[in-house]
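Tertiary structure, described
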Amino acid sequence: MISKIIAEDLITKVKKAINGVEKIAIVAHVGPDGDAMGSTLALCHYLMSVDKEPTVIVPTAFPNFLNWMPGSDKVLVYENDKEKSDKILATSELIFALDFNTPSRMAKMADAVIASPAPKILIDHHLHPDNFAKVAISYPQISSTSELIFRLICRMGDFSRINLACAECIYTGMMTDTGGFTYNSNNQEVYIIIAELIKLGVDKDDIYRKVFNTYSADRLRLMGYCLYKKMKVYPEYHTALITLSGTELFQFNFVNGDAEGLVNIPLSVLGVEFSVFMREDTDKIKISLRSQGTFPANKVASDLFNGGGHLNAAGGESFLSLDETILKFEEALPNYRDFLE
Ligand code: 5GP
Ligand code: MN
């Protein structure tokens, strides 16, 4: 019913790799988002259904609004549980690396994953994957890794093993990586897959509420403050910038996840095609970039901020001060004029 995107030889290789082993680790990127959690947990549920022993390990904690996800209570957070995680990684017979394209996206967990003798299988939708995996299932045209997991399970002939927990995880990743189906979501097959997930019992309205409507009052106030006081618009460059210093974050009792989605809001201003959000972290400035149409957010991320990502959603980091980072950005903006529509 849906087209065969993943090459046949890759399906065979994954099947063979799974068949021969029991202990499997599934890892994702630092600051795991809905797709990182959705894809890893969906694969975990599937592997349990074929009697494997999978463990999901993420480098840093996932946001609270994902802690309802089935299986999330068993996820190991590397920075909180390093010893146990190192042991599992070292003794795993197979490691799935999901939703990232380069080991550095695993931050402090990268060394342990790379050092493990287990063969790695990459499943991802970011451009230009590094060559660190034995098998690489990399399809940047697919809008989420969770969708790739659905496609992979189906192609292995195991659609019937997708239980409700697995389906909920797949749906969450598909929904979050497309901003609730508002970008990267024109592929009609996305909706064929969603129809299948709903048939399996997924309550999509409920998942939307659980993921998107769980703001704390502090988070909402922080958003209000950003939009009222901190959003700078550069009309000649169709660009908007929001920045938050550590002091400002402290004022609003910032916790991880509180700034999630904020970077998208300026795109709702008529004429704004490119939106950037910078936030002071303990040892760096974390930068999120979003664009509309053909403006390459990932190019700006890699040119200026050691980052990358997708055309319309990218990220990076800066080790300059916040003010210096802002200056660097403003000075570089004219260079991207030709990409504006
Ligand atoms: P976010 O703004 O939500 O943190 O990230 C959006 C997308 O940008 C992610 O899905 C990921 O593809 C990419 N991204 C975020 N941070 C980084 C980074 O530091 N390096 C690279 N290469 N990509 C990033
Ligand atoms: Mn993703």
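Up top is the structure.
Conventions adopted
- Residues numbered from 1 in each chain as written.
- Chains lettered and ligands numbered in written order.
- Predicted model: local features only at pLDDT ≥ 70, side-chain atom pairs only at ≥ 80, totals over all residues.
- Heavy atoms only, no water.
- Core = buried A, V, L, I, M, F, W, Y, C linked by side-chain atoms within 4.5 Å.
- Buried < 20%, exposed > 50% of the residue type's maximum accessible area, 1.4 Å probe, protein only.
- Helix = DSSP H or I, 4+ residues; strand = E, 2+ residues; numbered from the N terminus.
- Contact = heavy atoms within 4.5 Å.
- Near = heavy atom within 4 Å.
- Polar contact = N/O pair within 3.5 Å; in protein donor to acceptor, adjacent residues only side chain to side chain.
- Areas by Shrake-Rupley, 256 points an atom, 1.4 Å probe, with all protein chains shown as cover.
- Nonpolar A, V, L, I, M, F, W, Y, C, P; charged D, E, K, R; others polar.
- Salt bridge = Lys/Arg side-chain N within 4 Å of Asp/Glu carboxyl O.

Turning next to the nonpolar core. Among the nonpolar cores identified, the biggest contains 57 residues, and Ile26, Phe96, Ile123, Ile137 and Leu197 are the most heavily contacted of them. The element best represented in this core is helix H2 (residues 34–49), accounting for eight residues. Residues within four places of Ile123 in sequence aside, it is in contact with Phe96, Ala97, Leu98, Asp99, Ile137, Thr145, Leu148, Ile149 and Leu152. By size, the runner-up hydrophobic cluster in this structure holds 23 residues, among which are Tyr234, Tyr237, Phe274 and Phe295.

Turning our attention to the site of ligand 1. The immediate surroundings of ligand 1 are formed by 13 residues, with His126, Lys286, Ser288, Arg290 and Gly315 found nearest. At a separation of 3.2 Å, a nitrogen atom of ligand 1 approaches a polar backbone atom of Gly308. A distance of 3.0 Å separates an oxygen atom of ligand 1 from a polar atom in the backbone of Gly315. Contact with the protein chains covers 82% of the free accessible surface of ligand 1, which is 500 Å². Broken down by secondary-structure element, the contributors of at least two residues to the shell around ligand 1 are strand E10 (285–291), strand E11 (308–309) and strand E12 (313–318). The element that contributes the greatest number of residues to the shell around ligand 1 is E12, accounting for four residues. Tallied by class, the residues present in the shell around ligand 1 amount to two nonpolar, eight polar and three charged.

One pass over the full model with this rule turns up 15 salt bridges. Between Arg151 and Glu147 there is a salt bridge whose closest N-O contact spans 3.0 Å. Of this pair, Arg151 and Glu147 both sit in helix H5 (residues 145–155), four residues apart, roughly one helical turn. Each member of the pair, Arg151 as well as Glu147, is classed as buried. A salt bridge links Lys199 to Glu196, with the shortest nitrogen-to-oxygen separation between them at 3.2 Å.

Read these as geometric descriptors, not functional statements.
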